[in-house]
Amino acid sequence: MSTENEGTAVPPAPSAPPPPADAPAASAPQGAHPGSAPAAGHPYGPPAPQTRQDAGAGESSSAPDPSWPPPPPPSTPAYGGDGGVGHGAAGQGGGAAGQGGGGWGSTYQQPAPKNGRRRGGLVAAVLVAALAAGGLGGGLGYTLARENDSGGSTTVSSTTSGGNVKRDPGTVAAVAAAALPSTVTIEAASSSGEGGTGTGFVFDKQGHIVTNNHVVADAVDGGNLSATFPDGKKYEAEVVGNAQGYDVAVIKLKKAPSDLKPLTLGNSDDVAVGDSTIAIGAPFGLSNTVTTGIISAKNRPVASSDGSGSKASYMSALQTDASINPGNSGGPLLDAQGNVIGINSAIQSTSNGGFGTGQAGSIGLGFAIPINQAKYVAQELIETGKPVYAKIGASVSLEDTTNGAKITEQGVGGTEPVDPGGPADKAGLKPGDVITKLDDRVIDSGPTLIGEIWTHKPGDEVTVTYERGGKEYTTELTLGSRVGDS
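Described in the following lines is the structure provided in the data block. What you see is a predicted model, and the numbers here were worked out from it, not measured in a lab.

So, unusual backbone geometry
Of note, Lys-255 is a non-glycine position whose phi angle comes to about 55°, a positive value. With respect to the helices, strands and loops of the structure, Lys-255 is situated in the loop between strand 10 (248-253) and strand 11 (276-281). In this structure Lys-255 comes out as exposed when scored by relative accessible area, which is 79%. Positive phi is not limited to glycine here, since Asn-299 has a value of about 50°. On the secondary structure map, Asn-299 appears in strand 12 (residues 289-305). Asn-299 sits in the partly exposed class, given a relative accessible area of 34%.

Structure follows, in structure tokens:
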């Protein structure tokens, strides 16, 4: 399943992030656009539980695979274009562009940050509409009031107003009131002025803010970065670390205030379908916007891209129908108690435009990175500045299929499809084997396998179920690790 980064259509992506493997099946173009399908034969293996670009947790025993990170799904309209067919090194992250029918089932866009240059136009349009409505309402109000003066008013006034009504704990109003002061609107721009607007939230009292990688990507190398709180206070910031594969980044406020209140992190594993959700962000530049919904699904395999030429990210996402639009990227997805259960990252859209912005809008299909995974990635980024990905050390096909993840016959650039001495090799896996389950999770494709591998940490032991010669086997495997996105 592929998504749109809150702004531009992304081609269909594999059902789940490709697991970090050492050598993919076929060489894939590097720097592929998020909207293009992973290149055939690309190893999707450097990463681990999630695709972070910076956190470090021990380097892989093998040399970094130049094919990482995996290229994005093919550039096609959301849920519309041709699917991508390719290969990826399990757990490594390589991807190859291909052809086929709807890779990963559909195309998604990461709720990309709202482009600053378009923001003015939209805000202006909103203000014009508001002013027009206000003028009309004022005129009618004056006329009615004058007519009522002659006959006496029959209006009944409330003894209380919204401003002094007590908001009970657990209500949306109470959750929003408590969480808003700890969310920020992020403005990121490259040295050339390119950039946009996204969202983030306070992670700790030291001034670290968690957001999406695609929100701050433009400011990573010498750009400008700032974070503005709902009270209007604005702080310059810097990127501490970013994980492109996981689409997670951590920035730090310069001269951070001493009264920061980190949002409470929940347990995304305990979330159930139907649970209430509250999303906070800056859709189309409209900061501090609150929307509500429910958890529509869990463990949704998603490949997403911001449509600006960056590589795709992969996640086993929480799906919500809370309204998420361009600018919501990086904002918190909260439960009914106000705990963060995810980071809003991608949306599915039926079109690529809206309000003249050329960006996709919400149709009730939003995707968030589970907070358990994001927390691990963020902590690694804060400690080391680099992401660490789990891997199985094998290249898997990214072909659109429902039969499982097939280990390819050849790795990227003619390398071995199964790393000699790597996790898969030690577990007895061979080229041609089709992995159908990872622990109790059904694997229907290479991308799904990668996504599941990235929800684990290097060193985790997993049970792999696979088919060989028409027979089913199981084996135990200890996940390896790979540091960095390249």
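Examining the packing of aromatic side chains
Per the stated rule, a full pass over the model turns up six aromatic pairs. Here Phe-229 and Tyr-235 contribute two aromatic rings whose centre-to-centre distance is 5.8 Å and whose plane-to-plane angle is 90°, an arrangement assigned as edge-to-face. With relative accessibility at 15%, the residue Tyr-235 sits in the buried group. Taking the centre distance of 5.3 Å and the plane angle of 50° together, the rings of Tyr-389 and Trp-454 count as tilted. Taken together, the residues Tyr-389 in strand 17 (residues 388-391) and Trp-454 in the loop between helix 6 (446-453) and strand 22 (461-468) connect sequence positions 65 residues apart. Classification of Tyr-389 by relative accessible area gives buried; the value is 0%. For Trp-454, a relative accessible area of 0% translates into the label buried.

A short note on the nonpolar core
Of all hydrophobic cores here, the largest spans 58 residues; its most connected members are Leu-449 and Leu-477. Examining the composition of this core, we find that six residues originate from one element, helix 4 (residues 371-384), more than from any other. Judged by nonpolar contacts, the second largest core, of 17 residues, contains Val-202, Ala-219, Leu-225 and Ala-237.

Things to note about the layout of surface pockets
In this structure, the second largest pocket spans a volume of roughly 430 Å³. As for the second largest pocket, its lining consists of 22 residues, of which Asp-269, Asn-299, Arg-441, Glu-452 and Thr-455 are closest to the centre. Counting residues per element, the ones that place at least two in the lining of the second largest pocket are strand 12, strand 13 (313-320) and helix 4. Classifying every residue of the lining of the second largest pocket by side-chain character gives six nonpolar, eight polar and eight charged.

Examining the pattern of salt bridges
Two side chains of opposite charge can pair, provided their charged atoms sit close to one another. Enumeration according to the criterion identifies three salt bridges in this entry. Between Lys-391 and Asp-419 there is a salt bridge, with its nearest N and O atoms 3.9 Å apart. Taken as a pair, Lys-391 in strand 17 and Asp-419 in the loop between strand 19 (405-406) and helix 5 (423-426) lie far apart in primary sequence, 28 residues in all. Assigned by exposure class, Lys-391 and Asp-419 land together as buried.

Criteria and thresholds
- Residues numbered from 1 in each chain as written.
- Predicted model: local features only at pLDDT ≥ 70, side-chain atom pairs only at ≥ 80, totals over all residues.
- Heavy atoms only, no water.
- Helix = DSSP H or I, 4+ residues; strand = E, 2+ residues; numbered from the N terminus.
- Buried < 20%, exposed > 50% of the residue type's maximum accessible area, 1.4 Å probe, protein only.
- Phe/Tyr/Trp six-rings, centres within 6.5 Å; stacked < 30°, edge-to-face > 60°.
- Core = buried A, V, L, I, M, F, W, Y, C linked by side-chain atoms within 4.5 Å.
- 1 Å grid on protein atoms, 1.4 Å probe; cavity = no way out; pocket = protein on both sides within 12 Å on 5 of 7 lines; lining within 4 Å.
- Points joined across faces, edges and corners; volume = space filled by probe spheres on them.
- Nonpolar A, V, L, I, M, F, W, Y, C, P; charged D, E, K, R; others polar.
- Salt bridge = Lys/Arg side-chain N within 4 Å of Asp/Glu carboxyl O.

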